[in-house]
Amino acid sequence: MTTTLPLIGHTPALPADPSMLDDAARAAVPTTPFGLYVHVPFCATRCGYCDFNTYTSDELGPGANRSEYAATAIAELELAARVLGPEPPEISTVFVGGGTPTLLPASDLVAVLDRARELFPVAADVEVTTEANPESVTPESLAVLRAGGFTRISLGMQSAAPHVLAVLDRRHTPGRAAAAAREARAAGFEHVNLDLIYGAPGETDADWDLSLQAVLDAPVDHVSAYALIVEQGTKLARRVARGELPMPDDDVLADRYEQADRVLRGAGLEWYEVSNWATDRAARCRHNELYWANAHWWGIGPGAHSHVGGLRWWNVKHPAAYAARLAAGEHPAAGAERLTPEDVALETVMLGLRLRDGLALTALSDAGRARAADAVARGLLEPDAHAAGRAVLTDPGRLLADALVRDLTD
């Protein structure tokens, strides 16, 4: 049974069926690029720092195991096509994330992509990304993915130091990530990314330098580097609470970031978002740029979030409940909210300020513009860009990006 979607702002989530897209939402879809996100919730083991919606058991109930998951994801794809029809938007990006998508057979991931191509118009230059753990791919599986239309791969390296990988509960050996990157290039992937995490307990300056050098020795055109965050409810948080491991040190995290930026830029990778570097514009992750631009996307999978025409919704989190909803012909949404103009304005600043191009000062309130001028005086925003009407972070400003966002939007 479907229900009428209530129009709500940032209030507690309400159960909803976002099939009831209104005319305004539908009219907004063609105004920006449109993407698909496909969440694969399976992992071989749970990393101690991770709080994503992932599951390590192969069997999670009827319809929720790996062997049936591609068919379940396709069922939501078909629902999306019905909701967005009769003239569905052209897909410009597809991102398969997790979890570890490459725990599924490569042919299953290709089957989901093939069905998306049957249901939606697809841009000729569509970017199709999959995340992967280094130990979960082989030259053979990578060849299947590339032949099936995947153009980009993002490999979770995290570190090249064995003891840091152990603290993070990563399973691959230190050299495996770079080897997987070389295999992806050999398979014909146009773009290869390695993910790094810095600031783990026990990581030294030499460890971080080793990781950065290992990245530069790999055939990558994109690098993501994130400060370790101790998320509540994780194994890492429990170890920190017990005193087994120290909390990441803010000064060390800043030093690590500056070191990464210096090394990566010296090797020809320029930052285009606070945590992301690429060799050129073509190497940037267009799917993430779609998120940062408040564009439109449909999220497939348990716990996946979607945004279409100012309506945001999120699916039920457990794979068994997700599969059961779709098997019963129901929408898998757990709740939804209608973004208000104030919500959109806030998110425009939150996301836009983190980008290399920054954002227009007109996106700020009068108070925000006054604080932006103060941030220029403090060396956190570029003076020339400010004079031209944009708020653009300086190198020191990137270290304080989150605090500056709060300052400009308060």
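This text goes with the structure placed above it.
Described below are features of the structure shown in this document. Small disclaimer: the values here were computed from a predicted structure and weren't measured.

What to know about the overall build of the protein
Thinking step 1. Along the backbone of the protein there are 16 helices and 14 strands.
Thinking step 2. Taken over the C-alpha trace, the protein has a radius of gyration of 21 Å; the compact-globule value for 410 residues is 22 Å, and the two agree within 12%.
Thinking step 3. Principal-axis analysis of the C-alpha atoms gives the protein an extent of 55 × 50 × 45 Å.
Thinking step 4. Of all intrachain contacts in the protein linking residues separated by at least 6 positions in sequence, the fraction that spans at least 24 positions is 70%.

Digging into the pattern of salt bridges
Thinking step 1. Following the criterion strictly, the structure yields 25 salt bridges and no others.
Thinking step 2. One salt bridge connects E273 with R354, and the closest N-O pair in it is separated by 2.8 Å. In this pair, E273 is assigned in strand β7 (residues 270–273) and R354 in the loop between α12 (341–352) and β13 (359–360), connecting sequence segments 81 residues apart.
Thinking step 3. D374 serves as the salt-bridge partner of R378, at 3.0 Å between the closest nitrogen and oxygen.
Thinking step 4. We classify R378 as partly exposed; its relative accessible area is 45%.
Thinking step 5. What makes D374 partly exposed here is its relative accessible area of 40%.
Thinking step 6. The structure contains a network of salt bridges with shared partners spanning D261, R265, E270, R356, D395 and R398.

A few points about the nonpolar core
Thinking step 1. Residues F150, L155, W298, L353 and L381 are the most contacted members of the largest nonpolar core, which totals 94 residues.
Thinking step 2. In terms of residues, this core owes the most to one element, helix α2 (residues 66–84), which gives 10 residues.
Thinking step 3. Excluding residues within four positions of it along the chain, W298 makes contact with F34, G35, L36, Y37, E76, A80, V83, L84, S306, V308, W313 and H331.

Examining the packing of α2 against helix α3 (residues 106–119)
Thinking step 1. It is the contact of α2 with α3, at a shortest axis distance of 10 Å, that shows an interaxial angle of 15°. By the angle between their axes, α2 is roughly parallel relative to α3. Between α2 and α3 lies a crossing of right-handed hand. On α3, the residues touching R66, A70, A73, I74, L77, E78 and A81 of α2 are D108, A111, V112, R115, A116 and L119.
Thinking step 2. Of the residues that constitute the contact of α2 with α3, the class distribution is nine nonpolar, no polar and four charged.

Let's talk about the side chain of N315
Thinking step 1. By the element assignment, N315 lies in strand β11 (residues 311–315).
Thinking step 2. When its relative accessible area of 2% is taken as the criterion, N315 is described as buried.
Thinking step 3. There is a polar contact of 3.2 Å between the side chain of N315 and the side chain of E76.
Thinking step 4. For N315, the side chain forms a polar contact with the main-chain oxygen of G301, separated by 2.9 Å.

Comments concerning empty space enclosed by the protein
Thinking step 1. Going through the model one piece at a time under the given rule, you end up with one cavity of 30 Å³ or more.
Thinking step 2. Size it by volume and the largest cavity reaches roughly 80 Å³.
Thinking step 3. As for the largest cavity, its lining consists of L36, V38, L77, V94, V96, L109, V112, L113, A116 and F150.
Thinking step 4. Elements represented by at least two residues in the lining of the largest cavity include exactly β1 (34–40), β2 (91–98) and α3.
Thinking step 5. Broken down by element, the lining of the largest cavity gets its largest block of residues, four residues, from α3.
Thinking step 6. The class makeup of the residues in the lining of the largest cavity is 10 nonpolar, no polar and no charged.

Regarding the packing of aromatic side chains
Thinking step 1. Inspection of every chain in the model, using the stated rule, returns seven aromatic pairs.
Thinking step 2. Where Y37 meets F95, the ring centres are 6.3 Å apart and the plane angle is 25°; that geometry is what we call stacked. Of the two residues, Y37 is situated in strand β1 and F95 in strand β2; the sequence distance between them amounts to 58 residues. One exposure class covers both Y37 and F95, and it is buried.
Thinking step 3. A ring pair is formed by Y198 and W208, whose centres lie 5.4 Å apart and whose planes are at 50°; its orientation type is tilted. With Y198 in strand β5 (residues 191–198) and W208 in helix α7 (residues 205–216), this pair connects stretches of sequence that are 10 residues apart. In this structure, Y198 and W208 share a single accessibility class: buried.

Conventions and cut-offs
- Residues numbered from 1 in each chain as written.
- Predicted model: local features only at pLDDT ≥ 70, side-chain atom pairs only at ≥ 80, totals over all residues.
- Heavy atoms only, no water.
- Helix = DSSP H or I, 4+ residues; strand = E, 2+ residues; numbered from the N terminus.
- Rg over C-alpha atoms; globule rule 2.2 N^0.38 Å.
- Contact = heavy atoms within 4.5 Å.
- Salt bridge = Lys/Arg side-chain N within 4 Å of Asp/Glu carboxyl O.
- Buried < 20%, exposed > 50% of the residue type's maximum accessible area, 1.4 Å probe, protein only.
- Core = buried A, V, L, I, M, F, W, Y, C linked by side-chain atoms within 4.5 Å.
- Axes fitted to C-alpha atoms, helices over the stretch in contact; angles between N-to-C directions.
- Parallel < 35°, antiparallel > 145°, perpendicular 65-115°, else oblique.
- Left-handed = near helix turned anticlockwise from the far one by under 90°.
- Nonpolar A, V, L, I, M, F, W, Y, C, P; charged D, E, K, R; others polar.
- Polar contact = N/O pair within 3.5 Å; in protein donor to acceptor, adjacent residues only side chain to side chain.
- 1 Å grid on protein atoms, 1.4 Å probe; cavity = no way out; pocket = protein on both sides within 12 Å on 5 of 7 lines; lining within 4 Å.
- Points joined across faces, edges and corners; volume = space filled by probe spheres on them.
- Phe/Tyr/Trp six-rings, centres within 6.5 Å; stacked < 30°, edge-to-face > 60°.

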